[in-house]
Amino acid sequence: MPFDLHRAIEHVHGQAGWLSAALLIHPAIALRSRTRNVGLTVLLSTALATLTSASGAWLYVGYRESLKRDIFQHARSVGLLFERKEHLAFAALMLAWAGVIAYFTSTRAASIGIRNSLRTMAFRSFACSAVLAVLTAIFGTWVGIYRSF
């Protein structure tokens, strides 16, 4: 069987998706403490989620050309699930970036009240991002079991 770049990246993307989901949980847990320095955790988890999303965006072209029509013709619900997965992944990524911005803004806030509000916002952003990332990973696995490259 010849090497298929789409299939290889699809496998890496799937594994990275689950890892991203797990790593996005960590800053949410760590941000419960208002005094903890979690900058590296915030950056690394969001960086992996961003790279995973980028690989998914790259894969989408091949998916659209070779798989989408067949999936929708034979299992419309699976095709719609994939479309929802994309939307959830985008929302998870945007919430993670909102968490990054809120966290690093809080480190420069002069007022304790503003600092605490921003850290709470960062916590909530990462918590919601983690939930959406887990749902995205579940839906992606479900679609991948049905049909892949």
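Everything quoted here is computed from the prediction, not taken from an experiment.

Thresholds, definitions, all that
Residues numbered from 1 in each chain as written. Predicted model: local features only at pLDDT ≥ 70, side-chain atom pairs only at ≥ 80, totals over all residues. Heavy atoms only, no water. Phe/Tyr/Trp six-rings, centres within 6.5 Å; stacked < 30°, edge-to-face > 60°. Helix = DSSP H or I, 4+ residues; strand = E, 2+ residues; numbered from the N terminus. Core = buried A, V, L, I, M, F, W, Y, C linked by side-chain atoms within 4.5 Å. Buried < 20%, exposed > 50% of the residue type's maximum accessible area, 1.4 Å probe, protein only. Contact = heavy atoms within 4.5 Å. Patch = residues over 30% accessible without salt bridge, like charges linked within 9 Å, V, L, I, M, F, W, Y side chains within 5 Å. Areas by Shrake-Rupley, 256 points an atom, 1.4 Å probe, with all protein chains shown as cover. Salt bridge = Lys/Arg side-chain N within 4 Å of Asp/Glu carboxyl O. Axes fitted to C-alpha atoms, helices over the stretch in contact; angles between N-to-C directions. Parallel < 35°, antiparallel > 145°, perpendicular 65-115°, else oblique. Left-handed = near helix turned anticlockwise from the far one by under 90°. Nonpolar A, V, L, I, M, F, W, Y, C, P; charged D, E, K, R; others polar.

## Concerning the packing of aromatic side chains
In step 1: Inspection of the entire model under this criterion finds three aromatic pairs.
In step 2: Each ring, one from Y60 and one from Y63, has its centre 5.6 Å from the other, and the planes form 45°; the classification is tilted. Of this pair, Y60 and Y63 both sit in helix α2 (residues 39-66), three residues apart, which is roughly one turn of the helix.
In step 3: Through pairs of rings, three or more aromatic residues link up here, namely Y60, Y63 and F82.

## A closer look at the nonpolar core
In step 1: L24, L31, V38, V42, Y103 and F126 are the most contacted members of the largest nonpolar core, which totals 19 residues.
In step 2: Of all the elements, helix α4 (residues 76-106) adds the most residues to this core, at six residues.
In step 3: Ignoring sequence-local partners within four residues, the contact set of L31 consists of V38, Y103, R119, A122, F123 and F126.
In step 4: Y63, L81, F82 and F139 belong to the second-largest nonpolar core, a separate cluster that totals nine residues.

## What about a nonpolar patch on the surface?
In step 1: A surface patch of nonpolar side chains, about 340 Å² in accessible area, is lined by W18, V131, L135 and I138.
In step 2: Considering each element in turn, the nonpolar patch owes the most residues, three residues, to helix α5 (residues 112-146).
In step 3: Mapped onto the secondary structure, W18 falls in helix α1 (residues 5-30).
In step 4: Classification of W18 by relative accessible area gives partly exposed; the value is 39%.

## Thoughts on the pattern of salt bridges
In step 1: Under the criterion given, the structure shown has one salt bridge.
In step 2: A salt bridge links E83 to K68, with the shortest nitrogen-to-oxygen separation between them at 3.5 Å. On the criterion of sequence distance, the pair formed by E83 in helix α4 and K68 in helix α3 (residues 68-74) is long-range, its members being 15 residues apart.
In step 3: Exposure remark for E83: the relative accessible area of 13% places this residue in the buried category.

## Brief notes about the packing of α4 against α5
In step 1: Running from N to C, α4 and α5 cross one another at 155°; their axes reach a closest spacing of 7 Å. When the axes of α4 and α5 are compared, the pair comes out roughly antiparallel. Seen from above, α4 lies across α5 with left-handed handedness.
In step 2: The residue makeup of the contact of α4 with α5, split by class, is 25 nonpolar, seven polar and three charged.

## Details of the side chain of S129
In step 1: Mapped onto the elements, S129 comes out in helix α5.
In step 2: Residue S129 is classed as buried on the basis of its relative accessible area, which comes to 0%.
In step 3: Those residues in contact with S129 that lie beyond four places of it in its chain are L24, A92, L95 and A96.

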